[in-house]
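Chain and residue survey
Residues per chain, in single letters:
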Amino acid sequence: MLHVAPSLLAADPLHFAAALRDVDAAGATWVHVDVMDGAFVPNLSFGPAHVAAFREATDATLDVHLMVADPAAWVDPFADAGADLLTVHVEVDPHLHRTLSRIRERGVRTGVALNPLTPLETIRDALPLVDLVLVMSVNPGFGGQRWIPASEARLRRVRAWRDADAPRTLIQVDGGIDATTAGPAARAGADVLVAGSALFAGEGTFAERHAHLCEAAREGRDAPEADPTPDRPAG
Ligand code: DX5
Ligand code: ZN
């Protein structure tokens, strides 16, 4: 499966209902909702009341990315609001097992996220317990940042672990996804590509931009891998 998930952070704040209509009309079945608390990241964004309102307006999977210092405290409010998936950052949760268990108890899918330099090993044992691993490809907190190139190698490592230990777990990438980076991200292993600024601004309609990113992702995923070790000359 391959999804391009629009990030509402980049939508016009006066027109979220219209943005969700665009998302549905484009055939996007995931919507990414960034929750920021001004503590874990230096910005503020959506809270449970927004998620409840989005829930009323769309049947898409509400993928809620918790960029908060105390994720355990927010599981119930966002589950009550109608989140389908709750992703917590490994950097701030010393009791990840407990938090993930609580999310599952609430009937919500689980995700775990890593900042760009957080050692990948910190989530390896969590892989069989999560529905999704989010590899951040920018520093969280703001839309419109540039893709960090080292993210590609990180996606590949997570994919190898996923394929070996938890084949049903999805890999998500978030930050700096555009028509140039979508292909390499999908090729490196991302199943769900979050995109904000590349979808909510630019040429053409929202549906055209979404289709363009989906196509770039699909082409990248299906492109043959370059052989890293060229054949030695015979003899
Ligand atoms: C960044 C957020 C992202 C953001 C991505 O902290 O987690 O979801 O919306 O925005 P773009 O696609 O503009 O990099
Ligand atoms: Zn996000």
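Bear in mind that the values here come from a model prediction, so they are computed numbers and not experimental data. All residue numbers refer to positions counted from 1 along the written sequence of the respective chain. The order in which chains are written sets their letters, starting at A; the order in which ligands are written sets their numbers, starting at 1. Since the coordinates come from a predicted model, pLDDT governs what is reported: local features require at least 70, and pairs of side-chain atoms require 80 or more to be given and counted, while whole-chain, interface and lining totals use all residues. As a rule here, side-chain values come from all non-hydrogen atoms in the structure, and water together with hydrogens is ignored.

Let's talk about the site of ligand 1
With respect to spatial proximity, 19 residues lie near ligand 1, and among them S7, D34, G141, D174 and S197 are the closest. Polar contacts, as used here, are pairs of N or O atoms within 3.5 Å; protein pairs need one atom able to donate a hydrogen and one able to accept it. Residues neighboring in sequence count only if both atoms are side-chain atoms. Between ligand 1 and H65 there is a distance of 3.3 Å, counted from an oxygen atom to a side-chain nitrogen or oxygen. Between ligand 1 and G176, the relevant distance is 2.8 Å, taken from an oxygen atom to a main-chain nitrogen or oxygen of the residue. Per-residue and other accessible areas were derived by the Shrake-Rupley procedure at a 1.4 Å probe size, with only the shown protein chains allowed to occlude residues. When ligand 1 sits alone it has 380 Å² of accessible area, and the protein chains cover 99% of it. Among the secondary structure elements, those contributing two or more residues to the shell around ligand 1 are strand 2 (30–36), strand 3 (61–67) and strand 8 (192–195). If even one non-hydrogen atom of a residue comes within 4 Å of a molecule or strand, that residue is called near it. Comment: elements are numbered from the N terminus, with helices defined as DSSP H or I runs of at least four residues and strands as E runs of at least two.

As for the coordination of the zinc ion (ligand 2)
Coordinating N, O and S atoms are those within 2.8 Å of the metal (3.2 Å for Na, K and Ca), and as water is not part of the atoms, a site may appear to have fewer donors than expected. Every protein donor of the zinc ion (ligand 2) is listed here as H32 (NE2), D34 (OD), H65 (ND1) and D174 (OD), and their distances to the metal cover 2.0 to 2.3 Å. In this structure, the zinc ion (ligand 2) is surrounded by six donor atoms whose angles at the metal cover 69 to 168°, and the resulting shape is octahedral. Taken in chain order, the donor set of the zinc ion (ligand 2) reads H-x1-D-x30-H-x108-D. Separated by 31 residues along the polypeptide, D34 in strand 2 and H65 in strand 3 bring together distant segments of the chain. This pair shows no difference in class: D34 is buried, exactly as H65 is. Angle rules define the geometry names used: all angles between 85 and 135 degrees makes four donors tetrahedral, while opposite donors over 155 degrees apart and all other angles between 65 and 115 make four donors square planar and six octahedral, leaving every other case irregular. Throughout this description, buried means an accessible area under 20% of the type-specific maximum (1.4 Å probe, protein chains only), exposed means over 50%, and partly exposed covers the range between.

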